[in-house]
Amino acid sequence: MKAPITFAIAGFGDRGSTYASMEQLFPDKMKVVAVADLDPAKVEKAKRLYHIPEERCFSSAEEMLAQEKLADVMVVSTMDRQHVGHAIPALEKGYNILMEKPISPELSKCREILEVASRCPGKVIVCHVLRYTAFYNKLKELIQGGRIGDVVTVCANENVGYWHQAHSFVRGNWRNSLETSPMILQKSCHDMDILTWLLGKKCVSVSSVGSTYLFKPERAPQGAALRCLDGCKAKEACPFDAEKIYVTSPKTGCIHGKSWLSGVLSVEPNLENTYKALQEGPYGRCVYHCDNDVVDHQQTNLLMEDGSTISFTMCAFTENCYRYFKAMGTKGEIEADMLSNIIHVREFGKEEEIIDVGKLASDLKGHGGGDSGIVQDFLEMLLSDAQPNQRTTTLENSMESHFIALAAEESRLHGGQVVDLEEFKQR
């Protein structure tokens, strides 16, 4: 395949626009040539940014897929339950696929696309972008190099961030598992993938507990309105107040600079458009009065084939959005987090080594550099016609994380009972 690799974007939301923007980093290797989205304003924005001809701008992925093949790669970044339905006809037309996670919340759909992909020439890469970060690649090097001996247990946290939970999983697109996916799959299949990849071991059983603790009507403070801007009497003391999160917060508010959150609310994220979205759209709703059902905290335990264990906690109630990791082995321990990007290596009886991941990579933006990393690897694979390497998030490799996540959700729904993973896979 010759450069530039051409891209068609199916779904120009936050993730689709992120992958399209990689054209700026790799201008000689990729070019966005087609776009589809349900929102005409998003299509118009993509058309303007990437100089896409009118005849290659579409009002839906289905309309795009009705055309002859338009590009070398299709980015499938539509909603979770649409991924397989859009990827299969794209594969059959000869596209290579860059698919936003998750593959599907339905095991039958996951198996269906595996079967189709096995007989189609195109490559399918799932966007488990953490594998492409300097942070996790360094951890992989340290663990596989035996610095702490055999890993006996791992403790990992996904600190979602109170504002991120409110935005994406209470008010936003991924609030309802029946419409999209359960939280452990949608948000944390990243973690199921990266943790098992780091250890290089198979999971044999899973158990999980969790619930929606806070974001429900009976927990609403006295005087809470159905919308934050409708004279809410609890507004001043509420950290989830939409005006605070989207307008005034030094961290996420649009008056303090460009925020990706406001970019989700409107195509042109200025103060006027943000207020209009809060007044009229879903992001201005009270977090205690939404149609959400995904959990706001969940703990999952994995038993590995050699008897070692992984304990993973996802929690909404943190100030910052980042991941924490600690591995304890027979010869030492490793402790690290993606907020500081510092890794501590403590071999028993030796002086601690401190590794600053920021000095190992020039770009830590976008999932710690994972967004650009996955696109770069995919481009190089296509340009050189290379085979996947040990970190490539192929469809087959990514399925393991989905089995674990879906088994964890079944366990949670049944009071934390242990689910045998091999038996679960055979269903």
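Since the model is a prediction, treat every value here as computed from it, not as a measurement.

Inspection of every chain in the model, using the stated rule, returns two cavities of 30 Å³ or more. For the largest cavity, the calculated volume is near 90 Å³. Around the largest cavity sit 15 residues that line it, and Cys 228, Cys 232, Cys 238, Asp 241 and Cys 286 are the ones nearest its centre. Empty space within the second largest cavity amounts to approximately 40 Å³. Taken together, Tyr 136, Ala 156, Asn 157, Asp 191, Ile 194, Leu 195, Arg 323, Tyr 324 and Phe 325 make up the full set of residues lining the second largest cavity.

Evaluation of the coordinates by the stated rule reveals 34 salt bridges. Linking Lys 201 and Asp 306 is a salt bridge whose minimum nitrogen-to-oxygen distance equals 2.8 Å. Note that Lys 201 is positioned in the loop between α9 (189-199) and β8 (203-211) and Asp 306 in the loop between β9 (297-304) and β10 (309-315), a separation of 105 residues in sequence. For Lys 201, a relative accessible area of 16% gives the class buried. Asp 306 sits in the partly exposed class, given a relative accessible area of 48%. The partner of Arg 346 in a salt bridge is Glu 335, and the shortest N-O contact between them spans 3.0 Å. Highlighted residues: Arg 346 in strand β13 (residues 342-347) and Glu 335 in strand β12 (residues 332-337), separated in sequence by 11 residues. Using a relative accessible area of 24% as the deciding quantity, one classes Arg 346 as partly exposed. Connected via shared salt-bridge partners are Lys 326, Glu 333, Glu 335, Arg 346 and Glu 352.

Turning next to the nonpolar core. Counting residues in each nonpolar core, the largest one holds 81 residues, and the members touching the most others are Ile 97 and Ile 343. Ranked by the residues each element gives to this core, the list is headed by helix α15 (residues 395-413), at eight residues. Ignoring any residue separated from it by four or fewer positions in sequence, one finds Ile 97 in contact with Met 74, Val 76, Ala 87, Ala 90, Leu 91, Lys 123, Val 124, Ile 125 and Phe 378. By size, the runner-up hydrophobic cluster in this structure holds 29 residues, among which are Ile 5, Met 30, Val 73 and Tyr 132.

Moving on, we get to the packing of helix α5 (residues 107-118) against α15. For the pair α5 and α15, interaxial distance at closest approach is 11 Å and the crossing angle is 170°. The pairing of α5 with α15 is recorded here as roughly antiparallel in orientation. Contacts between α5 and α15 involve Leu 107, Cys 110, Arg 111, Ile 113, Leu 114 and Ala 117 from the former and Leu 395, Glu 396, Met 399, His 402, Phe 403 and Leu 406 from the latter. Looking at side-chain class alone, the contact of α5 with α15 contains nine nonpolar, one polar and two charged residues.

Conventions we followed
- Residues numbered from 1 in each chain as written.
- Predicted model: local features only at pLDDT ≥ 70, side-chain atom pairs only at ≥ 80, totals over all residues.
- Heavy atoms only, no water.
- 1 Å grid on protein atoms, 1.4 Å probe; cavity = no way out; pocket = protein on both sides within 12 Å on 5 of 7 lines; lining within 4 Å.
- Points joined across faces, edges and corners; volume = space filled by probe spheres on them.
- Salt bridge = Lys/Arg side-chain N within 4 Å of Asp/Glu carboxyl O.
- Helix = DSSP H or I, 4+ residues; strand = E, 2+ residues; numbered from the N terminus.
- Buried < 20%, exposed > 50% of the residue type's maximum accessible area, 1.4 Å probe, protein only.
- Core = buried A, V, L, I, M, F, W, Y, C linked by side-chain atoms within 4.5 Å.
- Contact = heavy atoms within 4.5 Å.
- Axes fitted to C-alpha atoms, helices over the stretch in contact; angles between N-to-C directions.
- Parallel < 35°, antiparallel > 145°, perpendicular 65-115°, else oblique.
- Nonpolar A, V, L, I, M, F, W, Y, C, P; charged D, E, K, R; others polar.

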